Amino acid sequence: MKVLRPLLSVLLIAAALPGCGVESPVGLPGTPGVPAAFQGEWDQIQQAPWNTRYQGERRVTLSVDLESGERVQTQYIERVSSNGQGKFNILPLQAETPVFPDEPTFLTLQGRREGFFFRYRDFRIRNLELFRKNYRHLDAGSSVIVAGRQAWEVRFVRTGPGGRTYAVAFDLETGLVLRCNEYGERGVLLAALEYTSLDLDPDLSGVAFFVPGNDEVSFNLGSGEGQSILGFKPYLPKAIPAGFVLHETASVSDDMGNRWFKAGYTDGAEMVFFLHRERGTETYDLPITAKTKQAGPSSRDEVSVFRAGTVRAAQGTVRGQDMIVIGEIAEGDLLRMMRME
Amino acid sequence: MLPPCNDTRERLLADSECASTEAHLLECGDCKSWWERTQRLSLSLAGLPRLTAPDELTETVSRQLSEFRELEGDGLLERALRSLPRVTAPAILDDLVLDPSPHFESATARLVGNLSRVSAPAVLDRLVGEELDAPARHRVERFVGDLPRATVPATLDEKPIEPVRAASARRNHNLRRVLAPFAAVAAGLFLWANFSDQAEAPAADDYGFDVVHVSSPEQLSPLAQLFLGGMTSGSRLVPNSGEAGTSR
């Protein structure tokens, strides 16, 4: 299925249309003036990782600027498998840079993160309408070869201050993202992912597909189902970072078996996570740096913030509610999500 | 370990709420501390995440077990097991069975020595090091916040020494007259210097909680670390102290 063949011509049309060219809002299929029939191809691109049967090896590179000023570069190879019916596996193979704390432990830990990597870390267009609002394409794209396959590479930039730029190469046949480079301010490479091989007819008999280890149960927030699963009423933050909307809601368990409400927000591509639970008398695993002080007229709750490159994490107990917020957003946005109105 | 201890421990392992063991636990410190350790260990083990085997593994094991069951049904399994060559037990195992006490500790030490070593996180090493360097200081820092605040005795408020109070008031009045203009100018400068360029920055009070910046992900909960590790692809997030990370 040559999914993206028509897209190539549409991109050229889009570039030629007034208001749809360089530095315009994402003028890919679905843009006014562009045949609506191409919308289906974006659906295919969104679903490609799930409904394409494939196996491939890819190189993952990540650069993190620590508070100390040190830049940590991590690079490793992993093998991705998908049965095209919703099951997947990511197997870390080998580190190409020094890794933390050592290579065997690193590879073991990466294996435990496969669910997160496949669902959230890899570049996805999660909400096309929102993606078109929040991202602009910088050019009409160009033909490239990645892992020996024909691909079409387009550059996107997130609108707003400090917007990151993405160069994404889509496989012309399947719509899979074969390469994605993410750049920060002044063009610094923040993350890169590139397939070095791709097999569309793989033998998956020896693959142990991902099984969630955190008892995750998705639910519809409006149904009341969440409260019965969680055992408490889920709380949603009132102040959401600009451009983000609620994307998914679920219940997850921590290592102590405590259930948390997980709300994932997206701006069309990136994700921000808000986790919350009511503080009870049961086992509690937040360290003492994030605590509720002794009750009293002058006591205030305390929230801990940690920054790693562009990623920020905040956690603490606010008015008896344990909260964790993580995402590539400004610290103010992060903290406002934790403010109880 | 005396027979009553042995008996108590066996009964506790069989029934953790066995009432008949209470008297022994009250008088035997060894058993009491053993029971506390056992309960802590039990809690820790219960807290470990439960992992589900992949469907493929379950299928494979079921298939192989069914093959074994077929063998067992025909009595073939027993015959097959009997046909296996016998392997003699290591001498140390024989020694341990015959007389466990002298060998137990050395055997345990050897076994523990063979286990893979897990290093403590760097931040834990640092915190423990700081604590050992100045234990008194850290104990005071940790507990002083929890001490109840002492209130001023009522008698002190009710019976001030009037002449002293009057003299103090006069001194303060004169001092205020001299220092007031300087204090006003200093306060103005302070406010200008600190807040003139922070119009956009949200005040801490806006959130309704205090914000603490931490320097290591290990100061966050395991759940937060899990998400953080996912978003940063498992990168090292603590400054290189020389002990973190290894080269290929």
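It should be noted that the structure appears before, not after, this text.
What comes next is a walk through the structure. (Residues numbered from 1 in each chain as written. Chains lettered and ligands numbered in written order. Predicted model: local features only at pLDDT ≥ 70, side-chain atom pairs only at ≥ 80, totals over all residues. Heavy atoms only, no water.)

So, the nonpolar core
No. 1: Core analysis: the largest hydrophobic core is formed by 48 residues, its most contacted members being Ile326 of chain A together with Leu228 of chain B.
No. 2: Sorting elements by how many residues they give to this core places helix H12 (residues 222-231) of chain B first, with five residues.
No. 3: In this view, Ile326 of chain A contacts Val272, Phe273, Val311, Arg312, Ala313 and Leu334 of chain A together with Ala224, Phe227, Leu228 and Met231 of chain B; residues no more than four positions away in its chain are not counted.
No. 4: Residues Phe244, Met323, Leu335 and Met337 of chain A belong to the second largest nonpolar core, which totals 24 residues. (Core = buried A, V, L, I, M, F, W, Y, C linked by side-chain atoms within 4.5 Å. Buried < 20%, exposed > 50% of the residue type's maximum accessible area, 1.4 Å probe, protein only. Helix = DSSP H or I, 4+ residues; strand = E, 2+ residues; numbered from the N terminus. Contact = heavy atoms within 4.5 Å.)

As for the pairing of strand E7 (residues 149-158) of chain A
All names here are of chain A.
No. 1: Counting buried positions along E7 gives eight out of 10 residues, so the element sits mostly inside the fold.
No. 2: In this sheet, E7 lies alongside strand E6 (residues 142-146) in antiparallel orientation, the contact comprising five bridges. Directly across from Ser143, in E7, lies its bridge partner Trp152.
No. 3: Strand direction decides the pairing type here: E7 and strand E8 (residues 165-171), joined by seven bridges, are antiparallel. Residue pairing in the sheet places Val154 in a bridge with Val168 of E8.
No. 4: The loop that links E7 with its antiparallel partner E8 comprises six residues; one of these, Gly160, has a positive phi angle of about 100°. (Pairing = 2+ DSSP bridges.)

Digging into the interface of chain B and chain A
Interface size is often expressed as the accessible area that is lost when the parts come together.
No. 1: In this complex, chain B contributes 49 residues to the contact, which on the side of chain A involves 67 residues.
No. 2: Across the chain B to chain A interface the summed buried area is about 5000 Å²; carbon plus sulfur atoms make up 63%.
No. 3: Our enumeration of links across chain B and chain A arrives at two salt bridges.
No. 4: Two residues, Asp210 of chain B and Arg300 of chain A, come together in a salt bridge whose shortest N-O distance is 2.7 Å.
No. 5: At the surface where chain B touches chain A, the tally comes to 13 residue pairs in polar contact (both at pLDDT 80 or more).
No. 6: Of all the secondary structure elements, the ones that give two or more residues to the side of chain B that touches chain A are helix H4 (55-73), strand E1 (209-213) and H12 of chain B.
No. 7: It is H12 of chain B that contributes the most residues to the side of chain B that touches chain A, eight residues altogether. (Buried area = accessible area lost by both parts, 1.4 Å probe. Salt bridge = Lys/Arg side-chain N within 4 Å of Asp/Glu carboxyl O. Polar contact = N/O pair within 3.5 Å; in protein donor to acceptor, adjacent residues only side chain to side chain.)

Section: unusual backbone geometry
Most of the time, phi is negative for any residue but glycine, and the peptide bond is trans.
All names here are of chain A.
No. 1: The step from Phe100 to Pro101 runs through a cis peptide bond, and the omega angle for that step is -10°.
No. 2: If you trace the backbone, Pro101 turns up in the loop between strand E4 (88-95) and helix H3 (103-112).
No. 3: With phi around 55°, Asp215 is a residue other than glycine that occupies positive phi space.
No. 4: If you trace the backbone, Asp215 turns up in the loop between strand E10 (189-199) and strand E11 (217-218).
No. 5: At Arg319, a position not held by glycine, the phi torsion is positive, near 50°.
No. 6: Note on placement: Arg319 falls in the loop between strand E16 (311-318) and strand E17 (321-327).

Section: the packing of aromatic side chains
Residues and elements named next belong to chain A.
No. 1: Taken as a whole and judged by the stated rule, the model has 19 aromatic pairs over all chains.
No. 2: When the ring of Tyr120 is compared with that of Phe273, the centres are 4.8 Å apart and the planes differ by 75°; the resulting orientation is edge-to-face. Note that Tyr120 is positioned in helix H4 (residues 114-121) and Phe273 in strand E14 (residues 271-278), a separation of 153 residues in sequence. Like Phe273, Tyr120 is buried.
No. 3: Feature note: the residues Phe123, Phe131, Tyr135, Phe156 and Tyr166 constitute an aromatic cluster, connected by ring pairs.
No. 4: Across from the ring centre of Tyr135, 5.8 Å away, lies the NZ or CZ of Arg158, which sits over that ring.
No. 5: In this structure, Arg277 is placed above the aromatic ring of Trp260, and the distance from its NZ or CZ to the ring centre is 5.6 Å. (Phe/Tyr/Trp six-rings, centres within 6.5 Å; stacked < 30°, edge-to-face > 60°. Lys NZ or Arg CZ within 6 Å of the ring centre and 35° of its normal.)

Details of empty space enclosed by the protein
Residues and elements named next belong to chain A.
No. 1: The full count for this structure, using the stated rule, is two cavities of 30 Å³ or more.
No. 2: Taken as a whole, the largest cavity holds about 50 Å³ of empty space.
No. 3: In this structure, the largest cavity is lined by Ile45, Gln46, Pro49, Phe123, Arg124, Ile125, Phe170, Gly175, Leu176 and Val177.
No. 4: Sort the elements by how many residues they give to the lining of the largest cavity and helix H2 (residues 39-51) lands first, with three residues.
No. 5: Partitioning the lining of the largest cavity into residue classes produces seven nonpolar, two polar and one charged. (1 Å grid on protein atoms, 1.4 Å probe; cavity = no way out; pocket = protein on both sides within 12 Å on 5 of 7 lines; lining within 4 Å. Points joined across faces, edges and corners; volume = space filled by probe spheres on them. Nonpolar A, V, L, I, M, F, W, Y, C, P; charged D, E, K, R; others polar.)

A few points about the pattern of salt bridges
Residues and elements named next belong to chain A.
No. 1: Tallied over the full model, the rule gives 24 salt bridges over all chains.
No. 2: With its nearest N and O atoms 3.0 Å apart, the salt bridge here joins Glu173 to Arg149. Placement of the pair is Glu173 in the loop between E8 and strand E9 (177-183) and Arg149 in strand E7, with a sequence separation of 24 residues.
No. 3: In this structure, Glu182 engages Arg164 in a salt bridge whose closest nitrogen and oxygen atoms are separated by 2.9 Å. Taken together, the residues Glu182 in strand E9 and Arg164 in the loop between E7 and E8 connect sequence positions 18 residues apart.

Side note on the packing of H4 of chain A against H12 of chain B
In a packed pair of helices, the relevant descriptors are the angle between the two axes and the axis-to-axis distance.
No. 1: Orientation of H4 of chain A relative to H12 of chain B, taken along the N-to-C sense of each, is 60°, at an axis distance of 9 Å. Judged on the interaxial angle alone, H12 of chain B and H4 of chain A are oblique. Here H4 of chain A runs over H12 of chain B; the crossing is right-handed. Across the interface between the two elements, Phe116, Phe117 and Arg121 of chain A from H4 of chain A touch Phe227, Gly229, Gly230 and Met231 of chain B from H12 of chain B. (Axes fitted to C-alpha atoms, helices over the stretch in contact; angles between N-to-C directions. Parallel < 35°, antiparallel > 145°, perpendicular 65-115°, else oblique. Left-handed = near helix turned anticlockwise from the far one by under 90°.)

Purely geometric stuff here, so don't read any function into it on its own.
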